[in-house]
Amino acid sequence: MILRQCELSGSMRLLDQQCEGAVRHMQWWHAGRSSRSRSCRGVESLSLLASLAGSFSSIHSMKFRHTVRLACTLLWAVPLTSLAASELDIVVNAKPAATIVIPADPPKWTRQAADWLQEYIEKVSGARLPVLPEGKAPDGTLISVGHTRLFAKQRIELSGLRWDGCRLLVRDNVLYLVGLDNAGTVTHDYVGARGTCRAVIKFLEDHCGIRWFLPGPQGAFLPKSRRIAVSADLDVRFQPAMAFCNGRSLYDKNILDNPGNTIAAQANNYRMGIRAQSGGHTYYSAVPVIKYRKDHPEYFALRDGVRGKSAWTLETQWRGHHLCSTNPDIQRLLTEFVRSQFDKGTDWMSLGQEDGYLRCQCEKCEAMDSYRGMVGYTRWEVFQHAKLRDKPPERLFHLHKAVIDDVAKSHPDKTVMLMCYAPTAWPSKEIKYFGDNVVGELMNLNPEYIDAWQGKTNGLAGYTYWFNTQIPMGLNVHMTAKEVADRIQYLHRNNFVALSIGPEATWGLEGPVFYMAGRLMGEPNLVYQDVVREYCDGVFGKAADPMMQFFALLQERLALVAPITDDDISADARNTRLPRWLDTKALYLAQYPPGVLSKLDGLICQAEAAADTERNKRWVQLSRDQFDFARLLTEMLVAERAWQTKRTTANWRELKDAVDTFEVWREKIVNLPPEYTNAWWPGHATFCRYLVANLDDTGIAFYRPWNERKAEVLEKGIRGRAMGYGTSYYYSFIREPLTLDFSKPE
């Protein structure tokens, strides 16, 4: 469990039923004394000891029990008179002791915050607190949610908070749960600051012990208690370390949409705490080819004496969309586009060139710099590292700086996210500072790039491929817990205020790391081992220990087979710098030799035997199913190697049997019913997309919703389909032996 420097966190109320009653009681008292849990009243509290024995859900952690016993040993030395503390009761003996009050006409997310508060207090205590407009509130203890008149009258300050920061405060028999609120864009009403929701979530975590470990209702940990109270002198401010985390929305139903629509997503910091449009190649939308190609060919890059391409169509306009950087109308159109997005409610707007950038060769553009592309190089990564730093395309930087300055005049309270990617990976040699209204959005996160950008903008954001299932790791383990923790903490120390990290479908293999990454984006100084332990205890119960060993062994094998150095923040050694021979098939063969598979299988068997609740069993089953993918795939690849080495009839039959076994598993997983996957397999659609991708373009196989593609795939049949995307070295795919024709003799 998470131990903070001076207090035991609210997580400590996830108690082990096997601990002695005195240990449990004193831990409960200490949590209240730290203003993060209930507290008790002096000698009177000791009489509650017997009744406490059955009041809490259990977490089975020997390390945790030892820590609690040590804390309690010290606490018994405290004079009994000092145990008395003033409290504000919320629930007493499973009955409501407070009323939730909201503004008379609450914004959507204030109302949602109050509903979440009511719902989850009832789930853990059985008490359903009434929710009323503040004008109809009765006398007695109140919980003021959001920006009520009560809040305004008290003149409670939220100064110093940013994004969706929040405050929890008790004054005059009222608990105030409030934060910075500024949510809603034209397309997503949950994008932006929902600090009041954050305040409610923090109360539920710190004072009710609730955790949202995985997506969906079964992912929540809900410890039962008949009493909930807070210290009468409670005053807590919480400021998340990151403004947002996007890339994938793993706690939401649509993993490819903007994150943050669920309580679990916001609780674990996979949310947009600012109304931001990040990671965008702005040129496509600001200067659309279809609109301007005919009447304004001068807008587009001069390439080999020609501007524009007559063959452009709606389908191909995204390819080769290159602009003339020195045309004044381009600056105007980019400025107008960024302003239009700000006018629609966006607070942070990305500004960046098209993908696959090619420079304009007109005389005016060429005179601005000596950038001439990757002449003499066959791989962009080599060119970028060897030459680009000294000769960046100043034409792009000067164009973007002019747009930034124009926008600052009309929208001084808005922020431009300057895309620092590919040709703009290294900063300008001529522009020393881009402005107070600029956050640099880096796609290359290794220290030399970060150091180069320090002081050039008013903050940094990062884009990573740590967990992307399209890259060679595929549906495998991508990062160890330590690697992710070290990198988030490093980026936080280096002025990063937002991240795109993109976890996807492999909860059964990487769940503790997904959860831990989210928690550290809120509080980077947490001890990552404790967060991983918290996850395993809360998800697997009595099966936590073998599952801890299971995840540790998976990560140990990854680090051994595909190591990354401490300064490889982007984990390029598992992506663009992965040796060409170490493709997806080679990775599985190296990571999972027979002895390792046997040990992993044994740990899953131990967990299956130890899990004693339906919920714990189901979450172990998710890991079993996803481990079986790795096991059956590896066994199939071993059989293929044996047949390739010695092409005998016996080896061909063994290969066919291994493929048949894998195909039976694949058919089963793809056809799992939605009522099961919605509850117990988060990311199932993304997992299935990989299983049947058939090397199709990602626009079809990955970004097209699975529910739109599933019927077509099933009609054609799954057996014999390749897995994964594309066939180049930076994609993950498995073709043979799945595509071999076993109807023919060897």
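Residues numbered from 1 in each chain as written. Predicted model: local features only at pLDDT ≥ 70, side-chain atom pairs only at ≥ 80, totals over all residues. Heavy atoms only, no water.

Draft legend 1. The packing of aromatic side chains, seen in detail. Across all of its chains, the model carries 39 aromatic pairs by this definition. Note on Tyr357 and Tyr371: the rings are 6.2 Å apart at their centroids and 40° apart in plane angle, and the pair reads as tilted. Residue Tyr357 is located in the loop between strand S18 (348–351) and helix H12 (363–366), and its partner Tyr371 is located in the loop between H12 and helix H13 (380–388); the two are separated by 14 residues in the primary sequence. Here Tyr357 matches Tyr371 in class, with each residue buried. Taken together, a centroid distance of 5.2 Å and an interplanar angle of 90° make the contact between Phe467 and Phe514 edge-to-face. In this pair, Phe467 sits in the loop between strand S21 (460–463) and helix H16 (481–493) while Phe514 sits in helix H17 (residues 507–522), placing the two residues 47 residues apart along the sequence. Three or more aromatic residues link up through ring pairs in this structure, and these residues are Phe213, Phe221, Tyr515, Tyr535, Phe540, Phe550, Phe551 and Phe627. The ring of Trp109 has Arg194 lying over it, and the distance from NZ or CZ to the ring centre is 4.5 Å. Arg689 extends its terminal NZ or CZ atom over the ring of Phe702, reaching a point 5.3 Å from the ring centre. (Phe/Tyr/Trp six-rings, centres within 6.5 Å; stacked < 30°, edge-to-face > 60°. Helix = DSSP H or I, 4+ residues; strand = E, 2+ residues; numbered from the N terminus. Buried < 20%, exposed > 50% of the residue type's maximum accessible area, 1.4 Å probe, protein only. Lys NZ or Arg CZ within 6 Å of the ring centre and 35° of its normal.)

Draft legend 2. Expanded view of the pattern of salt bridges. By the definition in use, this model includes 48 salt bridges. Salt bridges here are not isolated pairs; linked through shared partners, they connect Asp601, Glu608, Arg624, Asp628, Arg631 and Glu635. (Salt bridge = Lys/Arg side-chain N within 4 Å of Asp/Glu carboxyl O.)

Draft legend 3. View of the sheet that holds strand S13 (residues 235–238). One open sheet holds the 6 strands; their spatial order is S4-S3-S5-S7-S6-S13, and the pairing between them is mixed. At either margin of the open sheet sits one strand with a lone partner, and together these are strand S4 (131–133) and S13. Here the average twist between neighbouring strands, direction ignored, is 20°. Summarising the sheet, strand S6 (residues 166–171) and strand S7 (residues 174–179) pair through 6 bridges and their orientation is antiparallel. Each residue of the ladder has a partner; that of Leu169, found in S7, is Tyr176. Running at roughly 130° to S7, helix H7 (residues 195–208) makes contact with strand S5 (142–145), S6, S7 and S13 of the sheet. (Pairing = 2+ DSSP bridges. Axes fitted to C-alpha atoms, helices over the stretch in contact; angles between N-to-C directions. Contact = heavy atoms within 4.5 Å.)

Draft legend 4. Just a negative patch on the surface, in detail. On the surface, a cluster of negative charge is made up of Glu448, Asp451, Asp566 and Asp567. With respect to the helices and strands, the residue Asp451 is situated in helix H15 (residues 447–453). (Patch = residues over 30% accessible without salt bridge, like charges linked within 9 Å, V, L, I, M, F, W, Y side chains within 5 Å. Areas by Shrake-Rupley, 256 points an atom, 1.4 Å probe, with all protein chains shown as cover. Lys, Arg positive; Asp, Glu negative; His and termini not counted. Charge placed at Lys NZ, Arg CZ, Asp CG, Glu CD.)

Draft legend 5. Region of the structure containing the environment of Ala301. Examined against the element boundaries, Ala301 turns out to sit in the loop between helix H10 (289–292) and strand S16 (302–303). Residue classification places Ala301 among the buried residues on the basis of a relative accessible area of 4%. The spatial distance from the C-alpha of Ala301 to the C-alpha of Leu323 is 4.5 Å, given a sequence separation of 22 residues. If sequence neighbours within four positions are ignored, Ala301 has contacts with Val306, Arg307, Gly308, His322, Leu323, Cys324, Leu358, Arg359 and Cys360.

Draft legend 6. Summary view of empty space enclosed by the protein. In total, this model carries 6 cavities of 30 Å³ or more according to the counting rule given. Within this model, the largest cavity holds a volume of roughly 90 Å³. As for the largest cavity, its lining consists of Arg198, Ile201, Lys202, Glu205, Phe238, Ala267, Asn269, Arg519, Gly522 and Glu523. For the lining of the largest cavity, the secondary structure elements donating two or more residues are H7 and H17. (1 Å grid on protein atoms, 1.4 Å probe; cavity = no way out; pocket = protein on both sides within 12 Å on 5 of 7 lines; lining within 4 Å. Points joined across faces, edges and corners; volume = space filled by probe spheres on them.)

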